[in-house]
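# Remarks on the overall topology
Listed below are the residues making up each chain.
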Amino acid sequence: MFTIEHDFDATVITLIDEADPDTGPLNEDVVILSFDDRVVLEQVGPDDEVVRITLSMHQLAELRLALNLPEGNYRIDRG
């Protein structure tokens, strides 16, 4: 399950773990904040502190491509 909300300066997507309870413990929600120039992923860690990862839009584009490519080294032309 996920939710989408539009704030003033960001789109906020929350991913909620709905795994079968018999397969293991559920993970904390993942919050994705999408700004004009970056995407921030947040999740509460085991020590109850928020773990934050910030990706530039270029890194996000590379991630999107990497999910569909075989093993190897790649470079995206920025042109």
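Use the structure listed above.
Reference entry: report on the structure contained in this document. Just so it is clear, the structure is predicted and the values come from calculations on it, not from any experiment.

### Some points on the nonpolar core
One finds Ala10, Val12, Leu33, Phe35 and Val40 forming the largest nonpolar core, which totals five residues. Once residues lying within four places of it in the same chain are set aside, the contact partners of leucine 33 are Thr11, Val12, Arg38, Val39, Val40 and Glu42.

### Here's the deal with the environment of aspartate 9
With respect to the element layout, aspartate 9 can be found in the loop between β1 (2–6) and β2 (11–15). Between the alpha carbons of aspartate 9 and leucine 33 there is a distance of 9.5 Å; along the sequence they are 24 residues apart. The residues touching aspartate 9, leaving out its near neighbours within four places in the chain, are Ser34 and Phe35.

### A closer look at unusual backbone geometry
Despite not being glycine, aspartate 48 shows a phi value in the positive range, around 65°. One can find aspartate 48 in the loop between β4 (38–44) and β5 (50–56). The exposed category is assigned to aspartate 48, whose relative accessible area is 66%.

### As for the side chain of threonine 14
Mapped onto the fold, threonine 14 is located in strand β2. The exposure class assigned to threonine 14 is buried, which follows from its relative accessible area of 15%.

### Here we look at the pattern of salt bridges
Inspection of every chain in the model, using the stated rule, returns two salt bridges. The residue arginine 38 makes a salt bridge to aspartate 37 at a minimum N-O spacing of 2.7 Å. Two residues, arginine 52 and glutamate 42, come together in a salt bridge whose shortest N-O distance is 2.8 Å. You can see arginine 52 sitting in strand β5 and its partner glutamate 42 sitting in strand β4, a full 10 residues away along the chain. Overall, the relative accessible area of 18% leaves glutamate 42 in the buried class.

The rules behind each value
- Residues numbered from 1 in each chain as written.
- Predicted model: local features only at pLDDT ≥ 70, side-chain atom pairs only at ≥ 80, totals over all residues.
- Heavy atoms only, no water.
- Core = buried A, V, L, I, M, F, W, Y, C linked by side-chain atoms within 4.5 Å.
- Buried < 20%, exposed > 50% of the residue type's maximum accessible area, 1.4 Å probe, protein only.
- Contact = heavy atoms within 4.5 Å.
- Helix = DSSP H or I, 4+ residues; strand = E, 2+ residues; numbered from the N terminus.
- Salt bridge = Lys/Arg side-chain N within 4 Å of Asp/Glu carboxyl O.

Scope: geometric values only; no functional claims are made or implied.
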